[in-house]
Amino acid sequence: MNESALHDALARYWGYREFRPLQRAAIEANLDGRDSVVVLPTGGGKSLCFQMPALVRPNDGLGLVVSPLVSLMKDQVDGLVASGVAAAALNSSLTPAERREVYADLDAGRCRLLYVTPERLVGEGGEAFRARLHGWGVRFVAVDEAHCISQWGHEFRPEFRRLGRLRNEFPELSIHAFTATATRQVRDDIVTQLALRDPEVLVGSFDRPNLVYRVLARTGLKDQIRRVLERHQGEAGIIYCVSRKEVEKLASWLDGLGHHALPYHAGLPDEMRRRHQEAFLEERADVMVATVAFGMGIDRSNIRYVIHAGSPRSVEHYQQESGRAGRDGLEAECVLLYSGGDFAKWRQMLEQSGELSENARRLLRDMERYAAGTRCRHRVLLEYFGQTDERPACNACDWCLKELERVDDAVTLAQKILSTVVRVGQSWGVGHVIDVLRGRTTDQVTTRRHQELSTFGLLADVPIAELRGYVDQLTEQQLLLRTDGPYPVLQLTDDGAAALKGLATIELYRQPRPVPGQRKRKPTGDPAAWDGVDQDLFDALRQCRIEVSRARGVPPYVVFHDNTLRDLARRRPTTLPELLEVYGIGARKAEDLGPIFLEVIRDYRGEPDTEMAEEDQSNRPDPEA
Ligand code: ADP
Ligand code: ZN
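Residues numbered from 1 in each chain as written. Chains lettered and ligands numbered in written order. Predicted model: local features only at pLDDT ≥ 70, side-chain atom pairs only at ≥ 80, totals over all residues. Heavy atoms only, no water.

1. Here we look at the overall build of the chain
Convention followed: The helix and strand labels rest on DSSP assignments: H or I over at least four residues marks a helix, E over at least two residues marks a strand, and numbering proceeds from the N terminus. Values of the radius of gyration come from C-alpha atoms, whereas the globule rule sets the reference at 2.2 Å times the count of residues to the power 0.38. Relative accessibility under 20% of the residue-type maximum defines a buried residue, over 50% an exposed one, and the middle range a partly exposed one, all with a 1.4 Å probe and only protein chains included. We call two residues in contact whenever any of their non-hydrogen atoms come within 4.5 Å of each other. Counted as positive: Lys and Arg. Counted as negative: Asp and Glu, with His and the chain ends omitted from the count. Throughout, a charge is located at the NZ atom of Lys, the CZ atom of Arg, the CG atom of Asp or the CD atom of Glu.
Helices and strands together make up the secondary structure of the chain, namely 28 helices and 17 strands. Against the compact-globule benchmark of 25 Å for 625 residues, the chain has a radius of gyration of 27 Å, which places it among compact chains. Burial statistics for the chain: of 625 residues in total, 54% are counted as buried. Sequence separation of at least 24 residues holds for 72% of the intrachain contacts in the chain that already meet a minimum separation of 6. On the chain, the mean spot of the 83 positive side-chain charges and the mean spot of the 92 negative ones are 4 Å from each other.

2. A few points about the site of ligand 1
The line we're drawing: Neighbouring residues are identified by heavy atoms, a residue being near a molecule or strand if any of them is within 4 Å of it. Between N or O atoms, a polar contact is any pair within 3.5 Å; within protein, one atom must be a potential hydrogen donor and the other a potential acceptor, and residues adjacent in sequence are included only when both atoms are from side chains. The residue classification treats Ala, Val, Leu, Ile, Met, Phe, Trp, Tyr, Cys and Pro as nonpolar and Asp, Glu, Lys and Arg as charged. All others, Gly included, are polar.
The environment of ligand 1 is formed by 16 residues, the closest being Y16, E18, G43, S47 and H561. Interatomic distance of 3.1 Å between a side-chain N/O atom of R20 and an oxygen atom of ligand 1. The backbone of G43 places a nitrogen or oxygen atom 2.6 Å from an oxygen atom of ligand 1. In terms of residue count, helix 3 (residues 46-56) provides more of the shell around ligand 1 than any other element does, three residues in total. For the shell around ligand 1, the class distribution of residues is five nonpolar, seven polar and four charged.

3. A few points about the coordination of the zinc ion (ligand 2)
Going by this rule: Only nitrogen, oxygen and sulfur atoms within 2.8 Å of the metal, or 3.2 Å for Na, K and Ca, are treated as donors, and water is left out, so sites may look incomplete.
Bound to the zinc ion (ligand 2) on the protein side are C376 (SG), C394 (SG), C397 (SG) and C400 (SG), at distances that span 2.2 to 2.4 Å. In the primary sequence, the donor residues of the zinc ion (ligand 2) line up as C-x17-C-x2-C-x2-C. Both residues of the pair, C394 and C397, belong to the buried class.

4. As for helix 23 (residues 535-552)
Formally: Multiply 1.5 Å by the residue count of a helix minus one, and that product is the helix's expected span.
Compared with the 26 Å implied by 1.5 Å per residue over 18 residues, the 25 Å span of helix 23 between its first and last C-alpha is a close match. Listed as buried for helix 23 are L537, F538, L541, R542, C544, R545, I546, V548 and S549. Buried positions along helix 23 lie against helix 24 (556-559), helix 25 (562-571) and helix 27 (587-605). Its side-chain oxygen at 3.1 Å from the backbone nitrogen of D536, D534 defines the N-terminal cap of helix 23. Of the residues one or two after helix 23, G553 is the one with positive phi, at around 70°.

5. A short note on the nonpolar core
Using the following cut-off: To form a nonpolar core, buried Ala, Val, Leu, Ile, Met, Phe, Trp, Tyr and Cys residues must be joined to one another through side-chain atoms within 4.5 Å.
Judged by nonpolar contacts, the single largest core of 70 residues is most densely connected at I238, F280, F294, L541, L568 and F597. Ignoring anything within four residues of it in the chain, the contact list for L541 reads L565, L568, A569, F597, V600 and I601. By size, the runner-up hydrophobic cluster in this structure holds 38 residues, among which are L62, L121, V122 and L133.

6. Some points on unusual backbone geometry
Glycine aside, negative phi is the norm for most residues, and most peptide bonds take the trans geometry. Of note, the phi angle at D198 is positive, near 40°, even though the residue is not glycine. Within the secondary structure layout, D198 lies in the loop between helix 10 (184-193) and strand 7 (200-203). For D198, a relative accessible area of 59% corresponds to the exposed category. Even without a glycine there, the phi angle at R449 is positive, about 55°. Tracing the backbone through its elements, the reader meets R449 in the loop between helix 20 (443-447) and helix 21 (464-476). Judged by relative accessible area, which is 51%, R449 ranks as exposed.

7. Focus on the sheet that holds strand 11 (residues 287-290)
Filter applied, for reference: By this definition, two strands are paired if DSSP reports at least two bridges between them. Here an angle of 0 to 180 degrees is reported between the N-to-C directions of two axes, which are lines fitted to C-alpha atoms, with helices fitted over the stretch in contact.
Strand order in the open sheet formed by six strands is 8-13-12-9-11-10, and the pairing between neighbours is parallel. The open sheet is flanked by strand 8 (211-217) and strand 10 (261-264), the only strands paired with a single partner. Neighbour-to-neighbour, the strand axes of this sheet turn through a mean angle of 15°, independent of strand direction. Bridge count between strand 12 (residues 303-308) and strand 13 (residues 332-338): four bridges; the pairing is parallel. In the strand pairing of strand 13, Y305 is matched with E333. Of the strands in this sheet, strand 8, strand 9 (236-240), strand 12 and strand 13 touch helix 14 (residues 315-322), which is tilted by about 150° from strand 12.

8. So, the packing of helix 23 against helix 25
Here is the rule: Angle categories: roughly parallel below 35 degrees, roughly antiparallel above 145, roughly perpendicular from 65 to 115, and oblique for all the rest. Handedness of a crossing follows from how the near helix is turned relative to the far one, being left-handed for an anticlockwise turn of less than a right angle and right-handed for a clockwise one.
As a packed pair, helix 23 and helix 25 sit with axes 9 Å apart at the nearest point and diverge in direction by 135°. By the angle between their axes, helix 23 is oblique relative to helix 25. In terms of crossing hand, the pair formed by helix 23 and helix 25 is right-handed. Here L537, F538, L541, R542 and R545 of helix 23 come into contact with helix 25, specifically with D562, L565, R566, L568 and A569. Here the contact of helix 23 with helix 25 is composed, by residue class, of six nonpolar, no polar and four charged.

9. Quick look at the pairing of strand 1 (residues 36-39)
Covered by surrounding structure in strand 1 are S36 and V38 together with V37 and V39, the residues of both alternating faces. Inspection of the sheet shows strand 1 paired to strand 7 by four bridges, in the parallel sense. Counterpart to S36 in the pairing with strand 7 is E200.

10. Details of the pairing of strand 13
This is how it is decided: With strands facing away from the observer, any crossover in which the path from the first strand over the helix to the second runs clockwise is taken as right-handed.
Buried residues dominate strand 13, accounting for seven of its seven residues. Burial of the side chains of strand 13 extends over both faces: A332, C334, L336 and Y338 are buried on one face and E333, V335 and L337 on the other. Here strand 8 runs beside strand 13; their pairing, made up of seven bridges, is parallel. The partner of L211 across the bridge, within strand 13, is A332. Considered for its hand, the β-α-β crossover made up of strand 12, helix 14 and strand 13 is right-handed.

11. Examining the domain arrangement of the chain
How big an interface is tends to be reported as the loss of accessible area on association of its parts. To be explicit about the condition: Throughout, the edges of the domains are those of an automatic or database domain assignment. By buried area we mean how much accessible surface two parts lose on assembly, using a 1.4 Å probe and totalling the loss over both. Any carboxyl oxygen of Asp or Glu that lies within 4 Å of a side-chain nitrogen of Lys or Arg is treated as forming a salt bridge with it.
According to the domain assignment, the chain consists of domain 1 (3-203), domain 2 (211-404), domain 3 (406-510) and domain 4 (535-619). Averaged C-alpha coordinates put domain 2 and domain 4 at centres separated by 34 Å. Contact with domain 2, which involves 13 residues of that partner, is made by 11 residues of domain 4. For the pair domain 2 and domain 4, the summed buried area comes to about 1100 Å², and 42% of that belongs to carbon and sulfur atoms. A per-residue breakdown of the area domain 2 buries against domain 4 is headed by E283, S301 and L330, which together make up 39% of the total. Linking domain 2 with domain 4 are four salt bridges.

Take a look at the structure:
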């Protein structure tokens, strides 16, 4: 397959100009009939890797896509059909008539891509279905969300295990596994379970350059949330909470403030959860306040922020959950609001549920290190997943953006804290140490006569959260140690003792006082993302997208992604050829949706409908078609 044929297809069906990293290699492996494992982060463009080969293969045939998520399946098929690709899905949501139609298309060779659930393919009664595959000219099998096959993954699904039999039954097919899960163990397990033959293993970078990471000590949750929301008026976001109670509380508070916020957690009735998820995906709600129960199957690509109201229990969880922002590649913001106490709470909760293994403790410590960390967030995340970052600064995290203030005399400050830890006998928790430093005469302070210590009240004017932040940083720099157990106490390490004697260089940072009136819609990140975009026109186009999406019964991002709307509001095309220049608009979409959106642009510019009428009257497509 020559290069230009692939590029042509990319432009024609998707309206994109360049391949993303590893997409070409993945497509070529498929076209060469070579098994593959493709690991790309969320939003990395995995679907295109298996959709494209089905389209460009010279002598037709069918690509089979196995996916566990019926809702995602429907979105992908809708999206493909909207772009002019003969795709179909077989799953339990079809009516008998619809199912017959799909089978008729398959028998007649009219279908290029078929989505099925693992149950249909290898579940009970799957033999009959598999027997028909030969007749349909299947060329390859793509397994999406392939980590579900591994019990090491976080979403193990036993029914995926049976996919292993495909290799024996269809030795002539190539098998391609796709996942966003980064760990090596899961990757190796996928290869074994699917019995892949000398697969091409393609692992992309796990960095998500368009995400801006921020970590803030939780000083006032509602205030901090409000400030993030102010930067994202009218945009979509998720707020993750640790408890259901907090979900309810925050959701109704936000609702009271006039946001379209909905709660989501496992304690709500199924029916309500489904309704809320749908409302969010269809852009009838902007903010989802949720526990981790909200996750699988969120395909909304224009989520512009993810806030964590408390720390998750591992970096993997954080990566997964925050990673739901910015799937469309546009700038998005991930804010972690945490306190050192979150980790103690997790340990307690995990202990109660019997899940506090050595591994779970380690994962928590890693998460704590990330939160209190004093380095580039992108780099820390990448290193966590075993990759390296060559860039000197990412320009997309609170450290690199220099949002944190360096403390001038960190050594003295650290010594005040360390020496208090020593003076209270290394047998008190962070709360008490801070009480002493701030000069509070609590019962515990007076009974121990800690008000007589020379460090008592030495940092009376420093806010509690800020002090906690310093303790966290000293812990992260391994000068202090927080013991495990139900009542963790602070102790000095050897390095801490050296620091007390002035034998160490120490850096400490604090969060800046809030700056009021941050600019709307620019949480930094990629400054070019809104360059030249007429925001009012963008809003008008967005409204139009919602109307089209309702009329057609598909989610808005199936109509156009946000980056396409922005490019439209930047270029303001008025003719079909101009429209084809726009990011994400291929021939089919230009024909189908062009007239509707061009009209919005013309209306907005206050121009009469002349140009199109003169140019294309004869073959102008019917917008209702
Ligand atoms: P994943 O499944 O890896 O999370 P998707 O396949 O959903 O990611 O793709 C994420 C987004 O990126 C989609 O909107 C998709 O259309 C877009 N995309 C994929 N490939 C490209 C490309 N080469 N250029 C621009 N956008 C792309
Ligand atoms: Zn950085």
